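# Structural characterization, general
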Amino acid sequence: MLGNIPCREAKVRIFSEAIPGGIRVVFTNTGGEIAETDLPFIFERFYRAEKSRSREHGGAGIGLAIVKELIEAHNGQVGAEIVQDETRIWFSLPL
């Protein structure tokens, strides 16, 4: 139970992998699903996948926008995808 929200047991993993010319860091989460239709927008300022706009169930919607700005300032990329019921948020940086 998360607050008043029932949830299943979630697993979070963080790992890195070498990619041609750089490195990618991946954050995976099996709980708190994001709808696939929301993925293109999660790096926009103030976007929140949780539609009630209640701060009780989420943040202000600026965290991933800040991540995107910082990574792109270092010539990197960010992305998100859903793979086998697992949400993956990643960033890559050149070496």
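The structure reproduced in this document is the subject of the present report. On a predicted model such as this, the values are computed, not experimentally measured, just so you know.

## Section: the overall build of the protein chain
Helix and strand content of the protein chain: 1 helix and 4 strands. Put simply, the protein chain runs from its N terminus to its C terminus through helices and strands in the order β-β-α-β-β. Considering the protein chain as a whole, with its 95 residues, one finds that 25% of them fall into the buried category.

## Section: the side chain of Ser92
Note that Ser92 resides in strand E4 (residues 86-94). By relative accessible area, Ser92 is classed as buried at 6%. Once residues lying within four places of it in the same chain are set aside, the contact partners of Ser92 are Ile19, Ile23, Arg24, Ile71, Gly76 and Gln77.

## Here's the deal with the packing of aromatic side chains
What the rule picks out here adds up to 1 aromatic pair. Summarising the aromatic geometry, the rings of Phe27 and Phe91 are spaced 6.3 Å apart at their centres and angled 35° between planes, so their arrangement reads as tilted. With a gap of 64 residues between them, Phe27 in strand E2 (residues 22-29) and Phe91 in strand E4 connect regions that are remote in the sequence. We classify Phe27 as partly exposed; its relative accessible area is 33%. The positively charged end of Arg24 is found above the aromatic ring belonging to Trp90, 4.1 Å away from the centroid.

## Topic: the pairing of E2
Judged from the 8 bridges that link them, strand E1 (residues 12-19) and E2 form a sheet pairing that is antiparallel. From the neighbouring strand, Ile14 faces E2, where its bridge partner is Phe27.

## Quick word on unusual backbone geometry
For Asn75, which is not glycine, the phi torsion reads 60° and is therefore positive. Among the secondary structure elements, Asn75 is positioned in the loop between helix H1 (63-73) and strand E3 (77-83). In this structure Asn75 comes out as exposed when scored by relative accessible area, which is 65%. With a phi angle near 50°, Gln84 is a residue other than glycine that sits in the positive phi range. Within the fold, Gln84 resides in the loop between E3 and E4. By relative accessible area, Gln84 is classed as exposed at 77%.

About the thresholds
- Residues numbered from 1 in each chain as written.
- Predicted model: local features only at pLDDT ≥ 70, side-chain atom pairs only at ≥ 80, totals over all residues.
- Heavy atoms only, no water.
- Helix = DSSP H or I, 4+ residues; strand = E, 2+ residues; numbered from the N terminus.
- Buried < 20%, exposed > 50% of the residue type's maximum accessible area, 1.4 Å probe, protein only.
- Contact = heavy atoms within 4.5 Å.
- Phe/Tyr/Trp six-rings, centres within 6.5 Å; stacked < 30°, edge-to-face > 60°.
- Lys NZ or Arg CZ within 6 Å of the ring centre and 35° of its normal.
- Pairing = 2+ DSSP bridges.

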